[in-house]
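Single-letter residue listing:
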Amino acid sequence: MAVDYQPPQCLSRPIEVPSKLLMGAGPSNAAENVLKAGSLPLLGHLHTEFTQIMDDVKQGIQYAFQTTNTLTLAISGTGHAGMEAALCNLIERNDVVLIGINGIWGERAADMANRQGADVQTVTKVAGENFSLADIEAALLQHKPAVLFLAQGESSTGVVQPIEGFGALCTKHNCLLLVDTVASLGGEPFYMDRWQVDVVYTGSQKVLGAPPGTAPISFGPRAVAKIAGRKTPISSFYFDMNWLGNYWGCDSQPRKYHHTAPISSIYALREALALLANEGLENSWNRHRQSRDRLISGLAKLNLKPLASEPAARLTCITAIQVPDGVDWKSVTTHAMSMRVEIAGGLGPTAGRIWRVGLMGQNATDERVDRVLEVLAESIKSATAPVTVMGRL
Ligand code: PMP
């Protein structure tokens, strides 16, 4: 039988992947042993050797989130899948959901909550600022939400949201606290249990330094009770925590097939979590803070300013840098890329106004900070050099 269409020519060439220093907003470079783990032989998704690896991953995630929550696992999908899973399990139609918006991630969460049929209310701050307890308490009193969403690391603006105290506040107002830590976990202190966070998720590809494609998530007792008391089924089968919790061995029932876990990605996540466990969270938090401080001092020498004017509001993992007047941001990132170094531009409300430098996981070292500063300086010089008929001087 002849086919209608011929095999594509491009697939007859070997795959080509250059090596780049990924100092943008993610993914970050993965360690060699993490990448190697991803190429180990496949196992079946219910083989005992694989379910043992899932159990290791669960414990690693509990450590990373600083929780003893049983309903802790990795969603098969990127950070967005974690966000969608959290929201669809917590929300029933017409629930009031309060979203803190100080960048693109609040906007995305509001969009997703809307699609779940929630009555979405927002509390906003300009790009570069975060929310105080007083801001949030006023909004909780006004809207009486069932769920509050905050992003600990607002990667589109390089802002860290304090979380300590917000869990207790939400408990007092009978609201569940959902926190996005995709751009902060491992780089900023986070204590799920101590801070009474009800649901948290992150992504594999930033500080954890594993390939994109898995999203650690954890549900605390109040969130579990909300799911158990739902009057309507969870809108998504794929993200249904009743199914996923069983598949990940979080209940006392035998594991049932729900979906085929991305086996190789789970191996890689295990090794990334092992790296974090071996280093220790406190050491990882310190390393990220020190790298960020070194970057900020280097930027000052180049007369470059972070977007967040308040030092305490600056995220350790991603620094947003104001693009100086008269500099074309795109020429700078293009030049940096020609040197095999990725520096990101802005996103959403910050597009065109900032660059973003990520110092995450393996990339939070003095050497890599110095390299990105060198490349940034050279790229700005190249982008602002006078142009002659022959091209740039
Ligand atoms: N939340 C935050 C704070 C993020 O920075 C990102 C990724 N930049 C996401 C969610 C979404 O993650 P992903 O791109 O892996 O879906």
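Residues numbered from 1 in each chain as written. Predicted model: local features only at pLDDT ≥ 70, side-chain atom pairs only at ≥ 80, totals over all residues. Heavy atoms only, no water.

Help me out: how do you make sense of the site of the ligand in this one?
Taken together, Thr 78, Gly 79, His 80, Trp 105, Gly 153, Ser 155, Asp 180, Val 182, Ala 183, Gln 205 and Lys 206 form the complete shell of residues around the ligand. Note that an oxygen atom of the ligand is positioned 2.7 Å from one of the side-chain N or O atoms of Thr 78. Asp 180 is positioned with one of its side-chain polar atoms (N or O) 2.7 Å from a nitrogen atom of the ligand. Of the residues assigned to the shell around the ligand, the class counts are three nonpolar, six polar and two charged. (Near = heavy atom within 4 Å. Polar contact = N/O pair within 3.5 Å; in protein donor to acceptor, adjacent residues only side chain to side chain. Nonpolar A, V, L, I, M, F, W, Y, C, P; charged D, E, K, R; others polar.)

I keep staring at the sheet that holds strand β13 (residues 344–345) and nothing clicks. Help me out?
Whether parallel or antiparallel, the strands of a sheet pair through hydrogen bonds between backbone atoms. The three strands are arranged β11-β14-β13 in an open sheet whose pairing can be described as antiparallel. Every other strand in the sheet has two partners, leaving β11 (318–322) and β13 as the edge strands with one partner each. Here β11 runs beside strand β14 (residues 354–358); their pairing, made up of five bridges, is antiparallel. Bridging from a neighbouring strand, Ile 318 pairs with Gly 358 of β14. (Pairing = 2+ DSSP bridges. Helix = DSSP H or I, 4+ residues; strand = E, 2+ residues; numbered from the N terminus.)

What is the right way to look at the pairing of strand β8 (residues 176–180) in this model?
Here is the key point about a regular strand: its side chains alternate between the two faces of the sheet. Burial analysis of β8 places five of its five residues in the buried class, the great majority of the element. Covered by surrounding structure in β8 are Leu 176, Leu 178 and Asp 180 together with Leu 177 and Val 179, the residues of both alternating faces. Inspection of the sheet shows strand β5 (residues 147–151) paired to β8 by five bridges, in the parallel sense. Bridging from a neighbouring strand, Ala 151 pairs with Asp 180 of β8. Both β8 and strand β9 (residues 199–201) contribute to a ladder of three bridges, which runs parallel. Looking across to β9, one finds that Asp 180 is bridged to Tyr 201. (Buried < 20%, exposed > 50% of the residue type's maximum accessible area, 1.4 Å probe, protein only.)

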